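Structural features, examined
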Amino acid sequence: MINFDQFDFPSIFGVVKSTDGLKRQQTRPLRAEVQEIAIAKYSGGQLQYVGDTENGRDFLGIHDGIYYESKGMDGLFLKTKPYTREVTLMNFKGRNKGLPEKTFDYMLLWDTKNYTAGICSWDACMKNTKLKDDSVSFKVYFDDITFIAKNVVPKEKGDFGTKLYNLIRESV
């Protein structure tokens, strides 16, 4: 398994903070991709980003060959309950296909408000799933999560939204 002591969590959460301006509906997928690319970059050479080519997984462990998925949300780790907020695992756009086949071994969980991260297994995600018409969601109890970083102070990375807007203006 990967060694989280080699992760640069201040830089990861710096990128998370820098993408706060991308929370609009049309930029949310871009926000997630930018954050996932940053996680791979600051993983100490342990993760390869595959989310742009693989379905249902975001990273491949370079040394362990293990697949990891990543989910982030403001306030993911609830303060008054012993579990996470409900997280969408798969969105079927109105054509629910039931529980998904296993595509990853571990889930990286990111609280993008409190700058806290954890990891849990596929099985922990599947314990508390909810099937809806258009999606599958889950929540994970804290007993099934190994917390790998808590209340990190983000490194200043600027405003990604402004940088992106300026790039678009210059390019069109």
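Scroll up a little and you will see the structure.
These numbers were taken from a predicted model, which means no experiment stands behind them.

Things to note about the overall build of the protein
When helices and strands are counted, the protein shows four helices and nine strands. Taken against the 2.2 N^0.38 rule, which gives 16 Å for 172 residues, the C-alpha radius of gyration of the protein at 16 Å falls within 12% of a compact globule. When burial is assessed residue by residue, the protein has 43% of its 172 residues classed as buried. Across the protein, the fraction of contacts at a sequence separation of at least 24, relative to all contacts at a separation of at least 6, is 62%. Computed over 25 positive and 23 negative side-chain charges, the separation of the two mean positions in the protein equals 6 Å.

As for the packing of aromatic side chains
Taken as a whole and judged by the stated rule, the model has 12 aromatic pairs. Each ring, one from Phe4 and one from Phe7, has its centre 5.0 Å from the other, and the planes form 50 degrees; the classification is tilted. With 4.9 Å between their ring centres and 65 degrees between their planes, Phe77 and Phe147 make a pair best called edge-to-face. Highlighted residues: Phe77 in the loop between β3 (67-73) and β4 (87-91) and Phe147 in strand β9 (residues 146-149), separated in sequence by 70 residues. Linked through ring pairs, Phe4, Phe7, Phe9, Phe13, Trp110 and Tyr115 together constitute an aromatic cluster. Above the plane of the ring of Tyr67 lies Arg57, whose end atom (NZ or CZ) is 3.7 Å from the centre. The side chain of Lys150 reaches across the aromatic face of Phe147, ending 4.8 Å from its centre.

Observations concerning the sheet that holds β4
On the basis of which strands lie adjacent, the open sheet formed by three strands has the order β4-β8-β7 and antiparallel pairing. The sheet is open, and its two borders are formed by β4 and β7 (129-131), each paired with just one other strand. Neighbour-to-neighbour, the strand axes of the sheet open up by a mean angle of 25 degrees, direction not taken into account.

Here we look at the side chain of Asp58
Tracing the chain through its elements places Asp58 in the loop between β1 (47-49) and β2 (59-61). Buried within the structure, Asp58 lacks any salt-bridge partner; Lys71 is the closest side chain of opposite charge, at an N-O distance of 6.2 Å. A distance of 2.9 Å separates a polar side-chain atom of Asp58 from the backbone nitrogen of Ser70. Leave out the neighbours within four places in its chain, and Asp58 touches Glu36, Gln48, Tyr49, Val50, Gly51, Tyr68, Glu69 and Ser70.

The rules behind these values
- Residues numbered from 1 in each chain as written.
- Predicted model: local features only at pLDDT ≥ 70, side-chain atom pairs only at ≥ 80, totals over all residues.
- Heavy atoms only, no water.
- Helix = DSSP H or I, 4+ residues; strand = E, 2+ residues; numbered from the N terminus.
- Rg over C-alpha atoms; globule rule 2.2 N^0.38 Å.
- Buried < 20%, exposed > 50% of the residue type's maximum accessible area, 1.4 Å probe, protein only.
- Contact = heavy atoms within 4.5 Å.
- Lys, Arg positive; Asp, Glu negative; His and termini not counted.
- Charge placed at Lys NZ, Arg CZ, Asp CG, Glu CD.
- Phe/Tyr/Trp six-rings, centres within 6.5 Å; stacked < 30°, edge-to-face > 60°.
- Lys NZ or Arg CZ within 6 Å of the ring centre and 35° of its normal.
- Pairing = 2+ DSSP bridges.
- Axes fitted to C-alpha atoms, helices over the stretch in contact; angles between N-to-C directions.
- Salt bridge = Lys/Arg side-chain N within 4 Å of Asp/Glu carboxyl O.
- Polar contact = N/O pair within 3.5 Å; in protein donor to acceptor, adjacent residues only side chain to side chain.

Keep in mind these numbers describe shape, not what the thing actually does.
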